[in-house]
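Commentary on secondary and tertiary structure
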Amino acid sequence: MIQRIQTLYLLLAAGISGGLIFVFHLWTNAQDVQIFAQDDYLYLCLFLASAFLSLISICSFKNRKSQFVMGRLNIILNFILLGIFVYQSLNLSGETNVSEKGIGILLPIFSIVCLVLANKAIKKDEDLVKSVDRLR
């Protein structure tokens, strides 16, 4: 059933990963130039892969187990993206590239929260179906 709450959470995660990266900047460099995700292909590919995985997960609503697994993979992908951001901002000496962090660095955290809530709802649906199957 596509009209479940996990669809809303997954759609929100896809919107965060695929849409808000063009609105919020990741950081501002030493020359006061705002760096967005589309300026670096690695960040752009990881964000768009996360959005694509969320949309594929929405489309596979009939198979809850694969939907749950895709949600987990998407969470791992967002943790990798967050780890790259933390490494980028902490490992540079003297702030050569990152002068001021932007709100875009927090987007994977918001996406992870939405994905965890979606996985919780998927698990709840799966448990409900299993309990009904036991009664038959």
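Our structure is the block above this text.
So, here's what we can say about the structure.

Digging into the overall build of the protein
When helices and strands are counted, the protein shows 4 helices and 3 strands. Start at the N end of the protein and walk to the C end: the helices and strands fall as α-β-β-α-α-β-α. The dimensions of the protein, computed from C-alpha atoms along their principal axes, are 65 × 25 × 20 Å. In the protein, which comprises 136 residues, the share counted as buried stands at 40%. Once local pairs closer than 6 in sequence are excluded, the contacts in the protein between residues at least 24 apart make up 71%. Accessible surface, the protein: about 8100 Å² in total, of which carbon and sulfur atoms supply 67%. Counting 12 positive and 9 negative side-chain charges, the protein places the averaged centre of each group 20 Å from the other.

Describing the sheet that holds strand β1 (residues 27-28)
Reading across from one edge, β2-β1-β3 is the order of the 3 strands in this open sheet, with antiparallel pairing throughout. At either margin of the open sheet sits one strand with a lone partner, and together these are β2 (34-35) and β3 (100-101).

A look at the nonpolar core
With 23 residues, the main nonpolar core has L26, W27, Y43, F47 and F85 as its most contacted residues. Of all the secondary structure elements, the ones that give two or more residues to this core are α1 (5-18), α2 (41-59), α3 (64-90) and α4 (107-135). When near neighbours in sequence (up to four residues on either side) are disregarded, L26 contacts I35, F36, A37, Y43, F47, F85, K101, G102, G104 and I105.

Quick notes on the pattern of salt bridges
Between side chains of opposite charge, pairing is possible as soon as their charged atoms come close. For the coordinates displayed, the defined rule picks out 3 salt bridges. A salt bridge links D125 to R4; the nearest nitrogen and oxygen atoms lie 2.8 Å apart. Of this pair, D125 sits in helix α4 while R4 is found in the segment before α1, placing the two residues 121 residues apart along the sequence. Measuring nitrogen to oxygen at the nearest pair gives 3.7 Å for the salt bridge that ties D127 to K123. Here D127 and its partner K123 are both found in helix α4, 4 residues apart, which amounts to about one turn of the helix. According to the relative accessible area criterion, D127 is partly exposed, its value standing at 36%.

Remarks on the environment of V69
Relative to the elements of secondary structure, V69 occurs in helix α3. Spatially, the C-alpha atom of V69 lies 9.0 Å from that of S57, the residues being 12 residues apart in sequence.

A look at the side chain of T7
Relative to the helices and strands, T7 resides in helix α1. Residues within four places of T7 in sequence aside, it is in contact with I2 and I58.

Cut-offs applied
Residues numbered from 1 in each chain as written. Predicted model: local features only at pLDDT ≥ 70, side-chain atom pairs only at ≥ 80, totals over all residues. Heavy atoms only, no water. Helix = DSSP H or I, 4+ residues; strand = E, 2+ residues; numbered from the N terminus. Buried < 20%, exposed > 50% of the residue type's maximum accessible area, 1.4 Å probe, protein only. Contact = heavy atoms within 4.5 Å. Areas by Shrake-Rupley, 256 points an atom, 1.4 Å probe, with all protein chains shown as cover. Lys, Arg positive; Asp, Glu negative; His and termini not counted. Charge placed at Lys NZ, Arg CZ, Asp CG, Glu CD. Pairing = 2+ DSSP bridges. Core = buried A, V, L, I, M, F, W, Y, C linked by side-chain atoms within 4.5 Å. Salt bridge = Lys/Arg side-chain N within 4 Å of Asp/Glu carboxyl O.

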